[in-house]
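# Inside the fold
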Amino acid sequence: MTDHDTRRPRPGGVDLRVPTRELAIEALLVALLAGAGAVLWPTTLTPLAVLCLALAVGVGVGAGLRAVGGAVAHPEGHLTVGSLSGTARYEMEDVLDVVAAPVSHDPGQGPPIPLGWGAELVLRSGVDVPLPCTRVPSLPALRRRLDRQVEDLRAWLEEGPP
């Protein structure tokens, strides 16, 4: 795995599944928030406890949905995108471009991340397909990683099918 968490499964392919290290950090954050909420609950700081528990649920749901999905560009010329609803397959010739875009707040596309970004496939049919596994908050280091992931997918598109 490289420093920007884009994995190449074999020459010509790109693996954009969520890095295990990132999921572990998010699980630790959920545990800390839930623990803080449980400790604060019986005290006079109950509103703070509710906030901690709500944040724990939000981070946990977001991490879980990103972990379930994934995007893998295969050297054979197709891209598989996983989500809770199943796996979709896109042929290389159907994809016009890959862009980094603000996260949509469409309920069917997973949890919105305030001020977040994610990669989207721009299909020749005019449809934009979000890649939930790439969603990140608007933090400079995470945004740079997202930009590198988008560039890796563009390079895969430029290589063309074998």
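Residues numbered from 1 in each chain as written. Predicted model: local features only at pLDDT ≥ 70, side-chain atom pairs only at ≥ 80, totals over all residues. Heavy atoms only, no water.

Summed over the entire model, instances satisfying the criterion amount to zero aromatic pairs. Lying across the ring of W117, R143 places its NZ or CZ 3.9 Å from the centre. (Phe/Tyr/Trp six-rings, centres within 6.5 Å; stacked < 30°, edge-to-face > 60°. Lys NZ or Arg CZ within 6 Å of the ring centre and 35° of its normal.)

Moving on, we come to a nonpolar patch on the surface. A surface patch of nonpolar side chains, amounting to about 340 Å² of accessible area, comprises L45, L48, L51 and L55. For L48, the position within the fold is in helix α2 (residues 46-68). (Patch = residues over 30% accessible without salt bridge, like charges linked within 9 Å, V, L, I, M, F, W, Y side chains within 5 Å. Areas by Shrake-Rupley, 256 points an atom, 1.4 Å probe, with all protein chains shown as cover. Salt bridge = Lys/Arg side-chain N within 4 Å of Asp/Glu carboxyl O. Helix = DSSP H or I, 4+ residues; strand = E, 2+ residues; numbered from the N terminus.)

In the structure shown here, the tally under the stated rule is six salt bridges. Between R145 and E22 there is a salt bridge, with its nearest N and O atoms 2.5 Å apart. You can see R145 sitting in helix α3 (residues 140-159) and its partner E22 sitting in helix α1 (residues 20-40), a full 123 residues away along the chain. Grouping residues by exposure puts R145 and E22 together as buried. Note that R89 and E91 form a salt bridge whose closest N and O atoms lie 2.9 Å from each other. Ionic contacts of the salt-bridge type, sharing partners, join the residues D97, E151 and R154 into one network. (Buried < 20%, exposed > 50% of the residue type's maximum accessible area, 1.4 Å probe, protein only.)

The next point concerns the confidence of the model for the protein chain. When pLDDT is averaged along the protein chain, the result is 82; 84% of the residues meet or exceed 70. In this model residues 1-10 is a low-confidence stretch, pLDDT under 50, and it forms 29 contacts with partners more than four residues away in sequence or in other chains. (pLDDT = per-residue confidence, 0-100. Contact = heavy atoms within 4.5 Å.)

Note on placement: L33 falls in helix α1. As a C-alpha pair, L33 and C52 span 19 residues in sequence and 5.2 Å in three-dimensional space. Those residues in contact with L33 that lie beyond four places of it in its chain are C52, L53, L55 and A56.

Here α2 contains 23 residues, and its C-alpha end-to-end distance of 33 Å stays within 8% of the 33 Å for a straight helix at 1.5 Å per residue. For α2, the complete set of buried residues consists of A49, C52, A56, G62, A63 and R66. Buried residues along α2 sit against α1. (Expected span 1.5 Å × (residues − 1).)

With that settled, the discussion passes to the environment of D97. Structurally, D97 is set in strand β5 (residues 95-102). Along the chain, D97 and L157 lie 60 residues apart, while their C-alpha atoms are 7.9 Å from each other. When near neighbours in sequence (up to four residues on either side) are disregarded, D97 contacts E120, L121, V122, R154 and L157. At 3.1 Å, the side chain of D97 and the side chain of R154 are in polar contact. (Polar contact = N/O pair within 3.5 Å; in protein donor to acceptor, adjacent residues only side chain to side chain.)

With that settled, consider the pairing of strand β2 (residues 70-74). Counting buried residues in β2 gives five out of five residues, a clear majority hidden from the surface. By the alternation rule, side chains of β2 split into G70, V72 and H74 and A71 and A73, which are all buried. Sheet topology places strand β1 (residues 14-15) next to β2; two bridges connect them, and they run antiparallel. For D15, the partnering residue across the bridge sits in β2 and is V72. Where β2 and strand β3 (residues 78-83) come together, five bridges link them in antiparallel fashion. Within β3, the residue paired with A71 across the bridge is V81. In textbook terms, the turn of a hairpin is the stretch between consecutive antiparallel strands, and for β2 and β3 this stretch comprises three residues, one of which, G77, has a positive phi near 105°. (Pairing = 2+ DSSP bridges.)

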